[in-house]
Amino acid sequence: MSFKFQISHQEKNGRARTGVIETPHGSIKTPAFIPVGTKATVKSTLPDSISSLGAQAVLANAYHLYLQPGSQTIDEAGGLGKFMNWPGPTFTDSGGFQVMSLGAGFKKVIDMQGDGLDENLTESKERLAEVDEEGVTFKSHLDGSSHRFTPEISMQVQHEIGADIIFAFDELTTLYHDKRYQEDSLERTRRWALRCLDEHDRLTKERRERPYQALFGVLQGAHYEDLRRKAARDLATMSSSGIEFDGFGIGGAIEKSRLGEIVGWVVDELPQAKPRHLLGIGEPTDLFEGVENGADTFDCVAPTREARTSAVYSTSGRFNVSGGAYRKDFSPIDDSCQCYTCKNYSRAYLNHLFRSKEILGPTLATIHNVSFIVDLVAKMRSALESGNFPEFKESFLGKYKQKG
Ligand SMILES: [Zn+2]
């Protein structure tokens, strides 16, 4: 097995830490932001550019790749990294979020999880998914064809895709489900987690010539402290077929204003020695909350999705570079940013590209946004190691306006 997590630094009076995750395709220094390449591509950008700006891994989506081109095709290609020409570590999420967010409460999921929402599904508003004890039946958002995901199928799909870190199949609930439903759902997710461990173990043995894939259990429980803590305890101590989870994903319905508190509950129940991934979180303010409360890795579509609509990050907040004010602004998007876009192009040029709908606009804005967020989390790591995380947080957030 070539998966390891080592803690390099642990805050004495807090949950935050730095560390290194080792995978068969290389290591990830944590905390780290993992850019999303939903369909095995970080939209509009070359893998070379994503690697040059300092990203250490990418996260793709099992649901989308299962539908197109099919996980078997990726298996035949030699796995996700080889298929998309990304030599570093890769993640796939289980598809649970996507198949479930096709279902009841989908509109409400949008309301509460605007940042993490799957941009490829937003057109579909029809009820397309049904959950039962065994799994989820859903209709493809592409052609309406009927499909079924179970914990076993999600594991099979993720083994064929072949990412270094994969996630257990869980049921996504929304903040609008009542507590009774959340309790039942959490129990179902727990039973599914056991089935994921069994199937993962079977596939790992069957495909022993392939690089080892680490399986993370996913914690649900919405905003209920007792449910979140129970989920963390259940999955932390879970063992089946002689194996345990290699790490944990914190998922599901999270009110942004309570993010730090919720991450703190589960982190206090989880073992120190295993990595924790916060699913679908990528706004600067939220990243500080996550890191401060002990999350190690993060992914989110926001930096790439925002970039394609000309919204760019800067140290004073996010702004829309296609706005009239930037027509003759020959300064870079951000003076202090060292990315390829900021070193070579002005706001005026980006403004022109977006206004004339040139393809290079989204490409350059994506390079900047991903660079900005990857770099921000890397700076948090440095600040933790040099003992000035609280000062760094205060100074960054003092200047940054979330919706600037
Ligand atoms: Zn930049």
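What the protein chain contains, in helices and strands, is 16 helices and 16 strands. For 404 residues, the compact-globule estimate of 2.2 N^0.38 gives 22 Å, and the C-alpha radius of gyration of the protein chain, at 20 Å, lies within 12% of that figure. Projected onto the principal axes, the alpha-carbon positions of the protein chain cover approximately 60 × 50 × 45 Å. Of all 404 residues assigned to the protein chain, the portion counted as buried reaches 58%.

Here we take up the state of the cysteines. Any covalent bond linking the sulfur atoms of two cysteines counts as a disulfide. Taken as a whole and assessed by the stated rule, the structure comprises zero disulfides. A disulfide-free cysteine, C300 has its sulfur positioned 18 Å from the sulfur of C337, the nearest such atom.

Let's shift gears to the coordination of the zinc ion. The protein atoms that coordinate the zinc ion are C337 (SG), C339 (SG), C342 (SG) and H368 (ND1), at distances of 2.1 to 2.3 Å. Around the zinc ion sit four donor atoms; with metal-centred angles ranging over 96 to 119°, the donor geometry is tetrahedral. All donors to the zinc ion come from one chain, and their sequence spacing reads C-x1-C-x2-C-x25-H. Of this pair, C339 sits in the loop between β16 (317-320) and α13 (340-344) while H368 sits in helix α15 (residues 360-385), and the two are 29 residues apart along the sequence. Taking relative accessible area as the criterion, H368 reaches 0% and is therefore assigned buried.

Taken residue by residue, the protein chain gives an average pLDDT of 92. The fraction at 70 or more is 93%. Segment residues 110-116 is flagged for pLDDT under 50; beyond a separation of four residues in sequence, or across chains, it makes 24 contacts in the model.

Okay, the environment of R180 next. As for its position among the elements, R180 is in helix α8 (residues 179-206). A C-alpha to C-alpha distance of 22 Å links R180 and V99, two positions 81 residues apart in sequence.

Attention shifts here to the environment of L353. One can find L353 in helix α14 (residues 347-355). You can call L353 buried: its relative accessible area is 3%.

Another point: the pattern of salt bridges. A full pass over the atoms with the stated rule returns 32 salt bridges. Note that E152 is salt-bridged to R195, the shortest N-O span being 2.9 Å. Of this pair, E152 sits in helix α7 (residues 151-161) while R195 sits in helix α8, and the two are 43 residues apart along the sequence. A relative accessible area of 22% places E152 in the partly exposed class. Among the charged side chains, a network of salt bridges with common partners joins D75, R207, E209 and R210.

Rules of the game
- Residues numbered from 1 in each chain as written.
- Predicted model: local features only at pLDDT ≥ 70, side-chain atom pairs only at ≥ 80, totals over all residues.
- Heavy atoms only, no water.
- Helix = DSSP H or I, 4+ residues; strand = E, 2+ residues; numbered from the N terminus.
- Rg over C-alpha atoms; globule rule 2.2 N^0.38 Å.
- Buried < 20%, exposed > 50% of the residue type's maximum accessible area, 1.4 Å probe, protein only.
- Disulfide = S-S within 2.5 Å.
- Donors = N, O, S within 2.8 Å, 3.2 Å for Na, K, Ca; no water.
- Tetrahedral: all angles 85-135°; square planar, octahedral: opposite > 155°, others 65-115°.
- pLDDT = per-residue confidence, 0-100.
- Contact = heavy atoms within 4.5 Å.
- Salt bridge = Lys/Arg side-chain N within 4 Å of Asp/Glu carboxyl O.

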